[in-house]
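Structural overview for review
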Amino acid sequence: MFPPFDTSLARSYCMKLISQIEAGNVILKQITRLSQERAENGLMIGALVCKEKVLFSVSGISRQLEVVHNLLDCDFEIVPPIVDDEKIADALSKNDAEIHRLTEIIKNQGNQGDSSLVQQRTALTTESLKSVFSLYKFTRFDRKSISLNSIIASHNGKLPPTGTGDCCAPRLLSYAFSHKYTPISMDEVFFGKNTKNRINLESYPPCDERCGFILPEILGVEILYRDEDIVVVNKPSMLLSVPGRTPDKQDCLVNRIRTIFPDCIEQPSVHRLDMETSGLMVYTLKEEPHRNLNKQFENKIVKKEYTALLDGVLAKADGNLAPKNNQKEGHIELKFRLDPDNRPHQVYDEEFGKLGITDWKLLNVETYTNPLTGIKKPATRMLYIPLTGRTHQLRLISADQHGFHLPIIGDTLYGTCNPGERLMLHCHYLSFVHPTTGKAMEFNLKADF
């Protein structure tokens, strides 16, 4: 995953710590039983530089930093693991002997072994993994606690790999947020014998498999790109882009970004996505980039593309502009305006409405399965390319009688949202010119539906 903070300052502190380890002033204390196959394994050295102090940690639960002589020349703290090794060992002990017994039997049986034994072992290892994961809790950007189990639930129950939560990044960030520290730089440096995937003293970003699973929940936002001027994020469905007027609508991407990057300008937003829509968004951290990107949106330099899943088969739709004669792509122009008696709904109005222009392409007709109920129904996957930015433009051309008259699945305003569903609309492509460097920026993010 992309490093959520600048890495340069933190790397310098990682290298200082490593030099003190090599000098014997800081030791890597072994706190669990050392297995033969892992005796020479390296590990990640992590540093999180905060405005208040520097935090250090190491990956895994088997070793811990211990300062013998403090020559680090900074105000620092050593961050321990989220869960200590004894609790993890206790959680694993219930099934450990039986798993080893089944493993020996399966090994001796070879390729023609009893598949039911493999299934039994898989069930036991999954149970043990869940027991371990139930021990993990992190502190988020807003100082609230979040359990690994709740993060797993947000991933539709998908279990992450063993060791999730034991990397440096979630440990450091959780500790910083719990102590009200303000992060400004973070890096992880590999220390040890070179491997196929790691080189001694090289920096590496947080890993996709483990950190990518939990860091967006800890940070409150999934950062896809960041530099001194802009941040590109993946907005989740059901999170506001900007704050609303009432106190219950203050949790939004703007406020989360301002929490993570406290030096950010007061209004970093240059465009919006509906609360129910997911996908790519760009925010600015400084005034001049903000003015530049605003002009790019006004001059239609910014390009966006969306994936949508329509509730039914498009070929059977009866809207005024529904495709005929097996048409696979087209162009729609419709005028809509706000319905003041039914905010925030928009309505078709040929006389007073503002023109919304959209190119579309039919990608696939497929079966949609409700993740909660398991109910299946036909759906049409669409590519939408909006050439204007009208409110609810894509939702309206889909659902309104003057368009396709086939709403997007999960649309609470213009269609039906059944239990377990969400609005199946996702901005998967975003391109613009970097407001400072002038470089062409292009991002692709496949929909998760």
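Details of the structure are given in the entry above.
Keep in mind that this is a model prediction, so the values were computed, not measured. (Residues numbered from 1 in each chain as written. Predicted model: local features only at pLDDT ≥ 70, side-chain atom pairs only at ≥ 80, totals over all residues. Heavy atoms only, no water.)

**Details of the sheet that holds strand E3 (residues 54-58)**
Adjacent strands of a sheet pair through backbone hydrogen bonds, lying either parallel or antiparallel. If you trace the 4 strands from one edge of the open sheet to the other, you get E5-E3-E2-E8, paired in mixed fashion. The two strands at the open ends of the sheet, each matched to only one other strand, are strand E5 (76-78) and strand E8 (183-191). Strand-to-strand twist of the sheet, defined as the mean angle between neighbouring strand axes without regard to direction, takes the value 20°. Across 3 bridges, E3 lies against E5 in parallel orientation. The residue of E5 that forms the bridge with Val54 is Phe76. Most of the contacts of helix H1 (residues 8-22) go to E8, to which it runs at about 45°, and overall it touches strand E2 (43-50), E3 and E8. (Pairing = 2+ DSSP bridges. Helix = DSSP H or I, 4+ residues; strand = E, 2+ residues; numbered from the N terminus. Axes fitted to C-alpha atoms, helices over the stretch in contact; angles between N-to-C directions. Contact = heavy atoms within 4.5 Å.)

**Observations regarding the pairing of E8**
Counting buried positions along E8 gives 8 out of 9 residues, so the element sits mostly inside the fold. Pairing between E2 and E8: 8 bridges, direction antiparallel. Along E8, the bridge assignment pairs Cys50 with Pro183. (Buried < 20%, exposed > 50% of the residue type's maximum accessible area, 1.4 Å probe, protein only.)

**Some details on the environment of Ile199**
Secondary-structure assignment places Ile199 in the loop between E8 and helix H6 (211-219). Along the primary structure Ile199 and Tyr348 are separated by 149 residues, whereas in three dimensions their C-alpha atoms are 60 Å apart. Discounting chain neighbours no more than four positions away, the residues touching Ile199 are Phe190, Asn194 and Tyr204.

**Side note on the pattern of salt bridges**
The full count for this structure, using the stated rule, is 19 salt bridges. One salt bridge connects Asp142 with Arg140, and the closest N-O pair in it is separated by 2.4 Å. Judged by its relative accessible area of 25%, Asp142 is partly exposed. (Salt bridge = Lys/Arg side-chain N within 4 Å of Asp/Glu carboxyl O.)

**Concerning the state of the cysteines**
Tallied over the entire structure, the rule returns 0 disulfides. Lacking any disulfide linkage, Cys427 is separated from the closest cysteine sulfur, that of Cys252, by 18 Å. Residue classification places Cys427 among the buried positions, given a relative accessible area of 0%. (Disulfide = S-S within 2.5 Å.)

**Let's talk about helix H7 (residues 253-260)**
For H7, the complete set of buried residues consists of Leu253, Val254, Arg256, Ile257 and Ile260. Down the axis, H7 shows its buried residues gathered within 165° of arc, on one side only. Where H7 is buried, its residues contact E8, H6, strand E10 (230-235) and strand E11 (278-284). (Arc of directions from axis to C-beta.)

**Here we look at the packing of aromatic side chains**
For the structure shown, the criterion picks out 8 aromatic pairs. Plain terms: the ring middles of Tyr225 and Phe443 are 5.9 Å apart, the flat faces sit at 55° to each other, and that makes the pair tilted. Within this pair, whereas Tyr225 is found in strand E9 (residues 222-226), its partner Phe443 is found in strand E18 (residues 440-444), the two being separated by 218 residues in sequence. Taken as a pair, Tyr225 and Phe443 share a single burial class, namely buried. On the basis of an interplanar angle of 85° and a centroid distance of 5.3 Å, the ring pair of Trp360 and Phe404 is categorised as edge-to-face. Here Trp360, found in strand E15 (residues 354-369), pairs with Phe404, found in the loop between helix H9 (393-399) and strand E17 (425-433); they are 44 residues apart in sequence, far enough to count as distant. Exposure class is identical for Trp360 and Phe404. Each is buried. Among the aromatic residues, ring-to-ring pairing joins Phe2, Tyr225, Phe432 and Phe443 into one connected group. Across from the ring centre of Tyr13, 4.8 Å away, lies the NZ or CZ of Lys16, which sits over that ring. Positioned above the aromatic ring of Tyr204 is the side chain of Arg198, whose terminal nitrogen or guanidinium carbon lies 4.4 Å from the ring centre. (Phe/Tyr/Trp six-rings, centres within 6.5 Å; stacked < 30°, edge-to-face > 60°. Lys NZ or Arg CZ within 6 Å of the ring centre and 35° of its normal.)

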